[in-house]
Amino acid sequence: MTSAECMRWIRAVLPIAAAVALAGCQGPGLTPPRVTTSPYDSSVGEALWAVVPLRNDSGTTILNLDALSDAVVRSCQQIEGVRCLPLNRVLAEMRGLGMTSVASPSEARVLADRLGVNGLIIGAVTAFDPYDPPRIGLALALEGGQAFLGDPGGISVDELRGSVVGSAPGNGATARFRSLPSASVAVVFDGRNHGTQMELRRYARGRHEPGSAGGWRTYLKSMPLFTEFAAHAAVSRLVDEERLRLARARVSSR
């Protein structure tokens, strides 16, 4: 082989060798996380939602309601086809309206109109234990959905949980909301439960570095990470319930 032929061979082989070496250094391929998609017809545009700050009905004071509410907002913002307003925008509008909470369907509609949204999520933290293994309970109700998909109903976190949340003093067990929400969920994520662990493992896949120390179990050791998981899972269930509601409405309208 002449020197010229040798140089051509080296130039041809070097890029292949470099690519093989780089692939070996990269380790296992990345797995994309599961994405929640909007239950609405994307041809008419994106839905705009807002989240009312969550109530604390957990019986404990060792939780940060703003952090939990923000986690729900971030989960809504990750839905393909849905936009969600930041929590501080909702708080500002509530202060402007003199609201400390949303206490009736009419107040929900007033707040939704002021915000310019077509979906309003109201909910409560029903259980909270940050110690290993962690535990979080969430009850969420979606008011309205997109207005052109059906008449908005009222919201009843009380009814969906089967108990009263914040009844007025002296009025007995009187629910604050009388009519049903568009969609609602009530779920508890318990780190001891194998079902929760399986769901957490699916959630963690694509959200942590493959082969990292601790793997998916890192989400059981970190309350902020477990909170993100719980909010994502609860919102995903809420979207599924809204999708089911719309399917039933289409069938009944035929």
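Everything discussed here concerns the structure shown above.
Residues numbered from 1 in each chain as written. Predicted model: local features only at pLDDT ≥ 70, side-chain atom pairs only at ≥ 80, totals over all residues. Heavy atoms only, no water.

Help me understand the overall build of the protein chain, please; the structure alone is not making it clear to me.
The secondary structure content of the protein chain amounts to eight helices and six strands. Counting from the amino terminus, helix and strand elements in the protein chain follow one another as α-β-β-α-β-α-α-β-β-α-β-α-α-α. Per-residue burial for the protein chain yields a buried fraction of 41% across its 254 residues. Sequence-distant contacts, at least 24 apart, represent 69% of the contacts inside the protein chain between residues at least 6 apart. (Helix = DSSP H or I, 4+ residues; strand = E, 2+ residues; numbered from the N terminus. Buried < 20%, exposed > 50% of the residue type's maximum accessible area, 1.4 Å probe, protein only. Contact = heavy atoms within 4.5 Å.)

Would you take a moment to explain the pairing of strand β5 (residues 135–143) for this structure?
Note on strand geometry: in a regular strand, side chains alternate between the two faces of the sheet. Extensive coverage of β5 is indicated by the burial of eight of its nine residues. With nine bridges joining them, strand β4 (residues 119–129) and β5 adopt antiparallel strand pairing. From the neighbouring strand, F128 faces β5, where its bridge partner is I136. Turn length for the β4-β5 hairpin, with the two strands adjacent in sequence and antiparallel, is five residues. The pairing of β5 with strand β6 (residues 183–190) spans eight bridges and is classified as antiparallel. Counterpart to R135 in the pairing with β6 is D190. (Pairing = 2+ DSSP bridges.)

In this structure, what is going on with helix α4 (residues 105–115)? I would like to understand it.
Note that an α-helix has 3.6 residues per turn; residues three or four places apart therefore point the same way. By the burial criterion, the buried members of α4 are P105, A108, L111, A112 and L115. Buried positions in α4, seen along its axis, are confined to an arc of 125° and lie on one side of it. Against the buried residues of α4 lie β1 (47–51), α3 (87–96), β4 and β5. Once α4 finishes, G116 follows within two positions and takes phi at roughly 75°, a positive value. (Arc of directions from axis to C-beta.)

Explain the packing of helix α6 (residues 194–204) against helix α8 (residues 223–253) here, please?
Axis angle and axis distance: for two packed helices, these are the angle between their axes and the distance between the axes, and together they describe the pair. Two elements in contact, α6 and α8, have axes whose closest approach is 11 Å; the angle formed by their N-to-C orientations is 95°. One element, α6, and the other, α8, form an angle in the roughly perpendicular class. Judged by residue contacts, T196, E199, L200 and Y203 of α6 engage F226, E228, F229, H232, A233 and R237 from α8. Tallied by class, the residues present in the contact of α6 with α8 amount to five nonpolar, two polar and three charged. (Axes fitted to C-alpha atoms, helices over the stretch in contact; angles between N-to-C directions. Parallel < 35°, antiparallel > 145°, perpendicular 65-115°, else oblique. Nonpolar A, V, L, I, M, F, W, Y, C, P; charged D, E, K, R; others polar.)

Mind showing me how you'd approach the packing of helix α2 (residues 65–77) against α8 here?
Following both chains from N to C, one finds α2 and α8 inclined at 55°, their axes separated by 8 Å at the closest point. By the angle class used here, α2 and α8 are oblique. Crossing angle aside, the handedness with which α2 passes α8 is right-handed. Contacts between α2 and α8 involve L68, A71, V72, R74, S75 and C76 from the first element and T227, E228, A231, H232 and V235 from the second. Partitioning the contact of α2 with α8 into residue classes produces six nonpolar, three polar and two charged. (Left-handed = near helix turned anticlockwise from the far one by under 90°.)

What's the story with a positive patch on the surface in this structure? I'm lost.
On the surface, R34, R201, R202, R205 and R217 cluster together to form a positively charged patch. Within the element layout of this structure, R205 appears in the loop between α6 and α7 (218–221). Residue classification places R205 among the partly exposed residues on the basis of a relative accessible area of 42%. (Patch = residues over 30% accessible without salt bridge, like charges linked within 9 Å, V, L, I, M, F, W, Y side chains within 5 Å. Areas by Shrake-Rupley, 256 points an atom, 1.4 Å probe, with all protein chains shown as cover. Salt bridge = Lys/Arg side-chain N within 4 Å of Asp/Glu carboxyl O. Lys, Arg positive; Asp, Glu negative; His and termini not counted. Charge placed at Lys NZ, Arg CZ, Asp CG, Glu CD.)

Teacher, can you tell me more about the nonpolar core here?
General note: in soluble globular proteins, nonpolar side chains tend to be found buried as a group. With 42 residues, the main nonpolar core has W49, C76, I121, I136, L140, F189 and F226 as its most contacted residues. Broken down by element, the residue count for this core peaks at 11 residues, all from α8. Residues L48, L85, V102 and L115 belong to the second largest nonpolar core, which totals 15 residues. (Core = buried A, V, L, I, M, F, W, Y, C linked by side-chain atoms within 4.5 Å.)

Which parts of the structure should I look at to understand the packing of aromatic side chains?
The geometry of an aromatic ring pair is captured by the separation of the ring centres together with the interplanar angle, meaning the angle of the planes. Under the defined criterion, the tally for this structure stands at four aromatic pairs. Consider the rings of Y40 and W49, whose centres lie 6.4 Å apart with planes at 80°: the pair is edge-to-face. Judged by its relative accessible area of 6%, Y40 is buried. Overall, the relative accessible area of 0% leaves W49 in the buried class. Taken together, F189, Y203, F226 and F229 form an aromatic cluster joined through their ring pairs. (Phe/Tyr/Trp six-rings, centres within 6.5 Å; stacked < 30°, edge-to-face > 60°.)

The values are spatial; any link to function lies outside them.
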